[in-house]
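The lines below spell out each chain.
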Amino acid sequence: MGAGADLLQKRGLIVSCQALEHEPLHGGDTMAKMAVAAFQAGAVGIRTNGVPDIRAIKRAVPLPVIGLIKRSIPGSEVFITPTVEEVREIIGAGAEIVALDVTNREQRLEQAGRLINYAHQAGAAVMADVSTLEEGLAAERLGADFIGTTLSGYTPYSPRLEGPDLELVRQLSGRVHVPVIAEGRIGSPREAAAALEAGAHCVVVGSAITRPQLIAARYVEAMAQILG
């Protein structure tokens, strides 16, 4: 395991507590309360977006926080912690682990290496969000402490799947020497368990737990088939 593995010693659930500006739960202490609920349920970590929520969650729960900042850069598809400015903000807010895009787009790998080094020098670990096996292998070479399957299906060259990319979890778990974190389209407890069986060290679940508008929509859609 990598140098940051002691931050997530237990295998288990990481709850993604995020709400974007246009979503109903954005703002206030809502995500901190979500994190408390996750902690009470037995989660081993929290993943969250933005300085205010990182700070609030660090005050609310004694769990390691994977922090990121989603910020659009004109002309770029990379928006998960795109530059050193976001890395600096995340670490300053108190997150122990910085999540960032480590995909093979826009010469991102070269920049990601510099961001990983910066985070390590500042005392933080790094979770590399990748979309393919090759990117995961590159992330390990660059020094990432954790490798997440977060971006599988969100790059033009990765498979589009309705559910989680369990095959990528298996491939990475068999090839890399740092913990693999399964993330992306994990919508049920059964899928989360399957990700562990595929070799994931931890499993991130977000929308199925912390985005009630999407949870409610699943019920509405299922009932619509009956209601006509």
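Residues numbered from 1 in each chain as written. Predicted model: local features only at pLDDT ≥ 70, side-chain atom pairs only at ≥ 80, totals over all residues. Heavy atoms only, no water.

K.L.:
Looking at this structure, I do not really get the overall build of the chain. What am I missing?
P.N.:
Along the chain, the regular secondary structure elements total nine helices and eight strands. A globule of 228 residues ought to have a C-alpha radius of gyration of about 17 Å, and the chain, at 17 Å, matches this closely. With the principal axes as the frame, the chain shows a C-alpha extent of 55 × 40 × 35 Å. Here the chain contributes 21 positive and 25 negative side-chain charges, whose respective centroids are spaced 3 Å apart. (Helix = DSSP H or I, 4+ residues; strand = E, 2+ residues; numbered from the N terminus. Rg over C-alpha atoms; globule rule 2.2 N^0.38 Å. Lys, Arg positive; Asp, Glu negative; His and termini not counted. Charge placed at Lys NZ, Arg CZ, Asp CG, Glu CD.)

K.L.:
Where do I start with the sheet that holds strand E6 (residues 146-148) in this structure?
P.N.:
Note: strands within a sheet are paired through backbone hydrogen bonds, in either parallel or antiparallel orientation. Read around the barrel, eight strands follow the order E1-E2-E3-E4-E5-E6-E7-E8 and close on themselves; strand pairing throughout is parallel. Averaged over all adjacent pairs, the angle separating strand axes in this sheet is 25°, with direction ignored. For E6 and strand E7 (residues 180-183), the ladder comprises two bridges, and the chain directions are parallel. By the bridge assignment, Ile147 is partnered in E7 with Val180. (Pairing = 2+ DSSP bridges. Axes fitted to C-alpha atoms, helices over the stretch in contact; angles between N-to-C directions.)

K.L.:
Would you mind showing me how to read the pairing of E7 here?
P.N.:
A regular strand carries its side chains on alternate faces of the sheet. Because side chains alternate across E7, one face comprises the buried residues Val180 and Ala182, and the other comprises Ile181 and Glu183, equally buried. The parallel pair E6 and E7 is bridged by helix H6 (residues 166-175), and the resulting crossover is right-handed. In this structure, E7 lies alongside strand E8 (residues 202-205), joined through three bridges in parallel fashion. Residue pairing for E8: Ala182 is matched across the bridge by Val203. (Buried < 20%, exposed > 50% of the residue type's maximum accessible area, 1.4 Å probe, protein only. Right-handed = clockwise from strand over helix to strand, strands pointing away.)

K.L.:
Mind showing me how you'd approach the pattern of salt bridges here?
P.N.:
Here the idea is simple: oppositely charged side chains can pair when their charged atoms come close. Enumeration over the complete set of coordinates arrives at 12 salt bridges. In this structure, Asp129 engages Arg47 in a salt bridge whose closest nitrogen and oxygen atoms are separated by 2.7 Å. In this pair, Asp129 sits in strand E5 (residues 125-129) while Arg47 sits in strand E2 (residues 45-49), placing the two residues 82 residues apart along the sequence. We classify Asp129 as buried; its relative accessible area is 0%. (Salt bridge = Lys/Arg side-chain N within 4 Å of Asp/Glu carboxyl O.)

K.L.:
Whenever I open this one, helix H1 (residues 30-41) confuses me. Can you help?
P.N.:
Note on helix geometry: an α-helix contains 3.6 residues per turn, so any two residues three or four positions apart are oriented the same way. Over its 12 residues, H1 runs 17 Å from end to end, which matches the ideal 16 Å to within 8%, given 1.5 Å per residue. Within H1, the full set of buried residues consists of Met31, Ala32, Ala35 and Ala38. Viewed along the axis of H1, the buried residues span an arc of 115°, placing them on a single side of the element. Exposed and oriented more than 90 degrees from the buried face of H1 are Lys33, Gln40 and Ala41. Where H1 is buried, its residues touch strand E1 (12-17), E2 and helix H2 (51-60). (Expected span 1.5 Å × (residues − 1). Arc of directions from axis to C-beta. Contact = heavy atoms within 4.5 Å.)

K.L.:
Quick question: what am I supposed to make of the packing of H2 against helix H3 (residues 84-93) here?
P.N.:
Any two packed helices are characterised by the angle at which their axes cross and by the distance between the axes. Close contact between H2 and H3 brings their axes to 8 Å; oriented N to C, the two are set at 20°. One element, H2, and the other, H3, form an angle in the roughly parallel class. Here H2 runs over H3; the crossing is right-handed. Contacts between H2 and H3 pair Val51, Ile54, Arg55 and Lys58 from the former with Glu89, Ile90, Gly92 and Ala93 from the latter. In terms of residue class, the contact of H2 with H3 is built from four nonpolar, one polar and three charged. (Parallel < 35°, antiparallel > 145°, perpendicular 65-115°, else oblique. Left-handed = near helix turned anticlockwise from the far one by under 90°. Nonpolar A, V, L, I, M, F, W, Y, C, P; charged D, E, K, R; others polar.)

K.L.:
Just to check I follow, could you spell out H2 for this structure?
P.N.:
Listed in full, the buried residues belonging to H2 are Val51, Asp53, Ile54, Ala56 and Ile57. Buried residues along H2 sit against E1, H1, E2, strand E3 (65-68) and H3.

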